[in-house]
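# Topology and contacts: notes
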Amino acid sequence: MKRILSAIILFAAIAMSAAAQSDVVSVSDALAIFRNGKQANAKSVLSKQGYAYKGISTLAGKDYCWAKNVELSKDFLPQSYGRGNSSIFLLSTDGKAAFLYVYNQKAYSGLQSQVRQKGYNVQKEKDGTLLCTHDNMPTISFMQFQMPYPFCMMITE
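Since we're looking at a predicted model, the values are computed, not measured.

Here the focus is the packing of aromatic side chains. Overall, the coordinates contain eight aromatic pairs when judged by the stated rule. Ring geometry for Tyr108 versus Phe142: centroids 5.7 Å apart, planes at 80°, classification edge-to-face. Taken together, the positions of Tyr108 in helix 4 (residues 105-117) and Phe142 in strand 9 (residues 139-144) put the pair 34 residues apart, joining distant regions of the chain. Neither Tyr108 nor Phe142 differs from the other in exposure class; each is buried. Taken together, the ring pairs connect Tyr53, Tyr64, Trp66 and Phe89 into an aromatic cluster.

The next subject is the nonpolar core. Ranked by internal contacts, the top residues of the largest apolar core, which has 29 residues, are Phe89, Leu100, Ile140, Phe142 and Met153. With residues near it in sequence (within four places) discarded, Leu100 still touches Val24, Val25, Tyr51, Ser87, Ile88, Phe89, Leu111, Phe151, Cys152 and Met153. Ranked by size, the runner-up nonpolar core spans 14 residues in total, among them Ala67, Val70, Ile88 and Tyr101.

The next thing to look at is the side chain of Thr139. When you line up the elements, Thr139 lands in strand 9. Relative accessible area serves as the criterion here: at 17%, Thr139 is assigned to the buried category. Setting aside residues up to four positions removed in sequence, Thr139 forms contacts with Leu131, Cys132, Thr133, Met154, Ile155, Thr156 and Glu157.

Strands pair in a sheet through their backbones, by hydrogen bonds, and they do so in one of two ways: parallel or antiparallel. Strand order across the open sheet formed by eight strands is 1-2-5-6-10-9-8-7, with antiparallel pairing between neighbours. The open sheet is flanked by strand 1 (52-57) and strand 7 (121-124), the only strands paired with a single partner. Strand after strand, the sheet turns through a mean of 20° between neighbouring axes, direction not considered. Two strands pair when backbone bridges link them, and strand 7 and strand 8 (residues 130-133) are joined in this way by four bridges, in the antiparallel orientation. In the sheet register, Val122 faces strand 8, and the bridge partner there is Cys132. Contacts from helix 3 (residues 39-48) reach strand 1, strand 2 (63-68) and strand 5 (87-92) within the one sheet, and its direction differs from that of strand 2 by about 5°. Running over the sheet, helix 4 touches strand 6 (97-102), strand 7, strand 8, strand 9 and strand 10 (151-156) and is turned about 155° from strand 9.

Bringing helix 2 (residues 27-36) into the picture now. If you check which residues of helix 2 are buried, you get Val27, Ala30, Leu31, Ile33 and Phe34. Axial view of helix 2: buried residues confined to an arc of 160°, hence all on one face. Those residues of helix 2 that are buried lie in contact with helix 3, strand 5, strand 6, helix 4, strand 9 and strand 10. Immediately beyond the C-terminal end of helix 2, within one or two residues, lies Gly37, with a positive phi of roughly 70°.

What counts and how
- Residues numbered from 1 in each chain as written.
- Predicted model: local features only at pLDDT ≥ 70, side-chain atom pairs only at ≥ 80, totals over all residues.
- Heavy atoms only, no water.
- Phe/Tyr/Trp six-rings, centres within 6.5 Å; stacked < 30°, edge-to-face > 60°.
- Helix = DSSP H or I, 4+ residues; strand = E, 2+ residues; numbered from the N terminus.
- Buried < 20%, exposed > 50% of the residue type's maximum accessible area, 1.4 Å probe, protein only.
- Core = buried A, V, L, I, M, F, W, Y, C linked by side-chain atoms within 4.5 Å.
- Contact = heavy atoms within 4.5 Å.
- Pairing = 2+ DSSP bridges.
- Axes fitted to C-alpha atoms, helices over the stretch in contact; angles between N-to-C directions.
- Arc of directions from axis to C-beta.

Okay, here's the thing in structure tokens:
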């Protein structure tokens, strides 16, 4: 009986995690965009998922910017949030980094679960950053900031 109950709870947690961030780009898609590193590929993948291209942001370098369920100011700062999980995806113009900012703790936790399911080794740093590594795969970091970009998943080599 305990095994059945444990299995039901585990299944429910996984289902809630997936449902909580079904409208946010997946870790697999984010990795594919990063590996390709081209704006056209990112636009193709993200537009199919409802992301709108916003131009080149210069907030922290030069990054191609897409947003979903969030309106951005001309300075690429969030102005208003729509229905569902709001997220912003940035791809550096040189293709060396990708950033996914989410505004929901469940979506953030769901992304972390996806990384663990991919077999990444997760290490917590002193500053609270999660550093996720895997042989022959890009490095993924999870960081918590203050508004306007509270939860960040960063992909680098």
